[in-house]
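Overview (structure and organization)
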Amino acid sequence: MPTHPLIHSSTHSLKSPHGRLLDLRHPQLMGILNLTPDSFYPGSRLRPADETALLHRAEAMLAAGAAALDIGGYSSRPGADDIAPAEELRRVLPAIAALRREFPQAFLSIDTFRAGVAAEAVAAGADLVNDIGGGTLDTDMLPTVARLRVPYCLMHLKGTPQTMRELTDYPDDLVLTILRFFRDQLEKLRQANGGHPPADVLLDPGFGFAKNAPQNFELLRRLPELAPLGHALLVGLSRKAMVHKFLGLSSDAALNGTTALHAWALRGGARLLRVHDVAEARQVVRLFEMSGWEDGRMGG
């Protein structure tokens, strides 16, 4: 059976406008901090008013090996309720302030598709904008991140979190469609950046976003085909429906399946894994690096 060669995307450090660096020369982990009452995994939910719980979880993630923390105040699970920008800001800005106070060297990401939220979060100390809309849900997003000169994660999505479950039809090849989307959005970002190619950009193929289970597994298998774009890949698989629904489990019981898919994602070239369970994911990264797969030392 033919296999894709292991080709990694551009490996470099992301430089925050605040001077902090995220080193992607080796695979890294991004811990998820959900300040939402309706995220799909109940174990990830934090109450915005409970600063103690937030700081405790952040401290545990950093101690376990997280290189970045992703703060979100808008649930993007399929069919999630829409909330106003003011409510999203009410959830995330105090959290960013608290995290920046207690962990001044931590690399913080703001998970939002809204340019206004992104701008205020960066002003409060966020180092990266993680945009599930890839610039499609807010036309001001790409000019905003270009103006702020902030690292940016551009994700593939069709529709919105409220409509994406109905938008899983890909008349052309799935991966080719995603490649075209990334090409077009990167060009828009280049134009917003005064015609200069954007450097500090991550690409996220968007597992579970406008993709059904077979498409998610096809995408995981074909991750190396995204490498020619020359940007590092962020992959978010943690406890998603492609794990727990396929196995007939709840998201609470999906850690083992998530671990298996994390290993596959690393093999496919992922440089940043977005995870709920940092200590367990760190074990996967350590074993992957020890295997020699990344530098071609693995036999077979």
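The structure this text deals with has already been given above.
Residues numbered from 1 in each chain as written. Predicted model: local features only at pLDDT ≥ 70, side-chain atom pairs only at ≥ 80, totals over all residues. Heavy atoms only, no water.

1. Overview of the side chain of Arg222
On the secondary structure map, Arg222 appears in the loop between α6 (213-221) and β9 (233-236). You can call Arg222 buried: its relative accessible area is 12%. A polar contact of 2.9 Å, which involves the side chain of Arg222, links it to the side chain of Glu225. (Helix = DSSP H or I, 4+ residues; strand = E, 2+ residues; numbered from the N terminus. Buried < 20%, exposed > 50% of the residue type's maximum accessible area, 1.4 Å probe, protein only. Polar contact = N/O pair within 3.5 Å; in protein donor to acceptor, adjacent residues only side chain to side chain.)

2. Re empty space enclosed by the protein
Applying the stated rule across the entire model yields one cavity of 30 Å³ or more. Roughly 40 Å³ of internal volume is contained in the largest cavity. Lining the largest cavity are Tyr74, Ser76, Asp111, Thr112, Phe113 and Ile132. For the lining of the largest cavity, the class distribution of residues is three nonpolar, two polar and one charged. (1 Å grid on protein atoms, 1.4 Å probe; cavity = no way out; pocket = protein on both sides within 12 Å on 5 of 7 lines; lining within 4 Å. Points joined across faces, edges and corners; volume = space filled by probe spheres on them. Nonpolar A, V, L, I, M, F, W, Y, C, P; charged D, E, K, R; others polar.)

3. Remarks on a nonpolar patch on the surface
Where nonpolar side chains cluster on the molecular surface, the patch consists of Phe246, Leu247 and Leu249 and spans about 320 Å² of accessible area. You can see Leu247 is positioned in helix α7 (residues 241-247). (Patch = residues over 30% accessible without salt bridge, like charges linked within 9 Å, V, L, I, M, F, W, Y side chains within 5 Å. Areas by Shrake-Rupley, 256 points an atom, 1.4 Å probe, with all protein chains shown as cover. Salt bridge = Lys/Arg side-chain N within 4 Å of Asp/Glu carboxyl O.)

4. A look at the environment of Ala270
Here Ala270 shows up in strand β10 (residues 270-275). Ala270 sits in the buried class, given a relative accessible area of 0%. Between the C-alpha atom of Ala270 and that of Leu234, which follows or precedes it by 36 residues, the distance is 6.0 Å. Contact partners of Ala270, with chain neighbours within four places excluded, come to Pro27, Leu233, Val235 and Ala265. (Contact = heavy atoms within 4.5 Å.)

5. Topic: the pairing of strand β7 (residues 152-155)
Burial along β7 is two-sided: Tyr152 and Leu154 and Cys153 and Met155, pointing in opposite directions, are all buried. Across three bridges, strand β6 (residues 128-131) lies against β7 in parallel orientation. Looking at the pairing, Asn130 lines up with Cys153 of β7. In this fold, the crossover linking β6 to β7 by way of helix α4 (residues 141-148) has right-handed handedness. Where β7 meets strand β8 (residues 201-204), four bridges bridge the pair, whose relative direction is parallel. Along β8, the bridge assignment pairs Cys153 with Leu202. (Pairing = 2+ DSSP bridges. Right-handed = clockwise from strand over helix to strand, strands pointing away.)

6. Digging into the environment of Leu148
With respect to the element layout, Leu148 can be found in helix α4. Considered as a pair, Leu148 and Ala123 are 25 residues apart in the sequence and their alpha carbons are 9.3 Å apart. Ignoring any residue separated from it by four or fewer positions in sequence, one finds Leu148 in contact with Pro17, Ala119 and Val122.

7. Some thoughts on the layout of surface pockets
Within this model, the largest pocket holds a volume of roughly 800 Å³. Forming the walls of the largest pocket are 39 residues, and the residues nearest its centre are Phe40, Arg77, Pro78, Gly208 and Lys240. Looking at the lining of the largest pocket, the elements that each hand over two or more residues are β3 (28-34), α6 and α7. The element contributing the most residues to the lining of the largest pocket is α7, with five residues. Looking at the lining of the largest pocket, its residues break down into 15 nonpolar, 16 polar and eight charged.

8. Some words on the pattern of salt bridges
With the rule as written, the count across this model stands at 19 salt bridges. In this structure, the salt-bridge partner of Arg91 is Glu87, at a minimum N-O distance of 2.9 Å. With Arg91 and Glu87 both in helix α2 (residues 85-102), this residue pair falls four residues apart, about one helical turn. Between Asp184 and Arg183 there is a salt bridge; the shortest N-O distance is 3.0 Å. By sharing partners, the salt bridges in this structure join Asp173, Glu218, Arg222 and Glu225 into a single network.

9. Points about the packing of helix α1 (residues 51-64) against α2
Two elements in contact, α1 and α2, have axes whose closest approach is 10 Å; the angle formed by their N-to-C orientations is 50°. In terms of their interaxial angle, α1 and α2 are classed as oblique. The handedness of the crossing between α1 and α2 comes out as right-handed. Across from Glu51, Leu54, Leu55 and Ala58 in α1, the residues of α2 making contact are Ala95, Ala98, Leu99, Arg101 and Glu102. Among the residues forming the contact of α1 with α2, the class breakdown is six nonpolar, no polar and three charged. (Axes fitted to C-alpha atoms, helices over the stretch in contact; angles between N-to-C directions. Parallel < 35°, antiparallel > 145°, perpendicular 65-115°, else oblique. Left-handed = near helix turned anticlockwise from the far one by under 90°.)

10. Description of the side chain of Thr144
Within the secondary structure, Thr144 is located in helix α4. Those residues in contact with Thr144 that sit more than four places away from it in its chain are Ala115 and Ala119.

11. Some words on α6
Listed in full, the buried residues belonging to α6 are Gln215, Asn216, Leu219 and Leu220. Viewed along the axis of α6, the buried residues span an arc of 140°, placing them on a single side of the element. (Arc of directions from axis to C-beta.)

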